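# Chains, contacts and geometry: an overview
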Amino acid sequence: MTQEKLIYIFNHFDHASKYSSHKELASGHINDTFLIETKEEPFYILQRINHNVFKDVPGLILNKVLVSKHIKNKLSHLPEEALKRRVLTFIPAKHGEYYYRDEDGNFWNVMLYIKESVTHEIVTNKEVAYEGGKLSGDFLNLTSDFDASVLTEVIPKFHDMSFRFWQFDEALKNASEERKEKAKLYLDKVIELKEEMHILQNLKEFGEIKIRVTHNDTKISNALFDKDNKGLCIIDTDTVMPGIVHYDFGDAIRTICNTAAEDETNLDLVTFNVEFYEAYKKGFLEKVESALTSLEIKTLPLAAKTMIFIMALRFLTDFLNNDVYYKTKYPEHNLDRAKNQFKLIDSMVSQMDV
Ligand code: GN1
Ligand code: MG
């Protein structure tokens, strides 16, 4: 992406700022994200949404704008500057929508950069786990009166276990012998866990668990903290759509409690931190417990196991498919991510009653 092109795109948005420089922020696996520094603050985040993954980008943008506005209304007692650090602020394009589509058909959106904020890829501090729990619990709490049915399902069946199993089976059928051999080491595990990993989905389908607005990608790197480790804001709301509380609880635990990064290849470093599990859960429940049923609360440990598993399955599937979905840096990157997640499940199960 040339600098000229980025400036051109940035200037299609309705702001009064002048571009000064940019940096690519490369932690996401799907979209392209740039920090735009300007002559005078504020700075901005400019993002190209991957329209191969997200088929209805205007619907996705509307989802996140509506949810941000809803949260802003709920927090309207806060001073404006504080509010801008608690919830994402989207900038409209000059043509009036909240996105710009360039000549190549790519969709772009812009939001305010929340300065003096930090993200964590690995959590090393219990306070961060606790604050992370408060942030995602609060997100669910603040959106609990938002009508989930108005949201576009940006990726249908995103956390649907049967769908992910079907994709895995298809990938196995079509994979190269070489990749199949490597993935087969995990086949027994996948089969062994199959029934258990459908429990939450079945409860959802039988109407035993409530459908609500969920974030669906609550990995800890999608939470901003201030320099004192206090939680500020949940970011990356691309996948906001109807879901169950377990998706958000589980995906956060998947990343907070992993003592290593998601793609760490030294599996000795990958263990499940139970202390952080408890800290996250405490913060989470402080914010949202009153909205949850006892069944939802009772099944939270299973949510963690289920979300770790579904990511393992998706990484393994993408490996079998020759890495068509996630960005990868080397040929076995997705396989390594899958191994990492399977190790995390083993470590969790060896320490917790789940
Ligand atoms: C993807 O692009 P990113 O990093 O926000 C993925 C999530 C996975 C995550 C794993 C739309 O999120 O579901 O949990 O990678 N998002 C999509 O790190 O598939
Ligand atoms: Mg995401």
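What counts, and where the lines are drawn
Residues numbered from 1 in each chain as written. Chains lettered and ligands numbered in written order. Predicted model: local features only at pLDDT ≥ 70, side-chain atom pairs only at ≥ 80, totals over all residues. Heavy atoms only, no water. Buried < 20%, exposed > 50% of the residue type's maximum accessible area, 1.4 Å probe, protein only. Helix = DSSP H or I, 4+ residues; strand = E, 2+ residues; numbered from the N terminus. Pairing = 2+ DSSP bridges. Contact = heavy atoms within 4.5 Å. Domains from an automatic or database assignment. Buried area = accessible area lost by both parts, 1.4 Å probe. Salt bridge = Lys/Arg side-chain N within 4 Å of Asp/Glu carboxyl O. Nonpolar A, V, L, I, M, F, W, Y, C, P; charged D, E, K, R; others polar. Near = heavy atom within 4 Å. Polar contact = N/O pair within 3.5 Å; in protein donor to acceptor, adjacent residues only side chain to side chain. Areas by Shrake-Rupley, 256 points an atom, 1.4 Å probe, with all protein chains shown as cover.

The subject of this paragraph is the pairing of strand 2 (residues 32-38). Burial analysis of strand 2 places seven of its seven residues in the buried class, which makes it a mostly covered element. The alternating pattern of strand 2 places Asp32, Phe34, Ile36 and Thr38 and Thr33, Leu35 and Glu37 on opposite faces, both of which are buried. Pairing geometry for strand 1 (residues 19-25) and strand 2, over six bridges, is antiparallel. What sits directly across from Leu25, in strand 2, is Thr33. Counted along the chain from strand 1 to the antiparallel partner strand 2, the turn is six residues long. Alignment of strand 2 against strand 3 (residues 44-49), held across five bridges, turns out to be antiparallel. Bridge pairing in strand 3 links Leu35 to Ile45. Counting the residues between successive antiparallel strands, the hairpin from strand 2 to strand 3 contains five residues.

Turning our attention to the side chain of Thr237. Relative to the helices and strands, Thr237 is located in the loop between strand 9 (231-234) and strand 10 (241-243). Those residues in contact with Thr237, other than ones at most four positions away along the chain, are Lys64, Leu88, Phe90, Phe139 and His215.

Another aspect to go through is the domain arrangement of the chain. Where the parts come together, the accessible area they lose is often given as the size of the interface. The domains assigned to the chain are domain 1 (3-115) and domain 2 (126-351). Between domain 1 and domain 2 the total buried area reaches about 2,400 Å² when both faces are included, carbon and sulfur atoms providing 60% of it. Applying the counting rule to domain 1 against domain 2 returns four salt bridges. Put simply, Asp145 and Lys74 hold a salt bridge, and the shortest N to O gap is 2.8 Å. At the level of elements, strand 3, helix 2 (57-74) and helix 3 (80-86) are the ones that each hand at least two residues to the side of domain 1 that touches domain 2. With nine residues, helix 2 is the largest single contributor of residues to the side of domain 1 that touches domain 2. Here the residues of the side of domain 1 that touches domain 2 sort into 13 nonpolar, seven polar and seven charged.

The local shell around ligand 1 holds 16 residues, among which Lys219, Asp236, Glu262, Arg314 and Tyr325 are the closest. His29 places a polar main-chain atom, nitrogen or oxygen, 2.9 Å from an oxygen atom of ligand 1. Interatomic distance of 2.9 Å between a side-chain N/O atom of Asp236 and an oxygen atom of ligand 1. The protein chains hide 95% of the 440 Å² of surface that ligand 1 would expose on its own. For the shell around ligand 1, the leading source of residues is helix 12 (residues 300-320), giving three residues. Looking at the shell around ligand 1 residue by residue, the classes come out as eight nonpolar, two polar and six charged.

Positionally, Asn222 belongs in the loop between strand 7 (212-214) and strand 8 (223-225). Take Asn222: its relative accessible area is 8%, and that puts it in the buried class. Within the structure, Asn222 has its side chain in polar contact with the backbone oxygen of Asp217 (distance 2.8 Å). Here Asp236 takes part through its side chain, which lies 3.2 Å from a polar atom of the side chain of Asn222.

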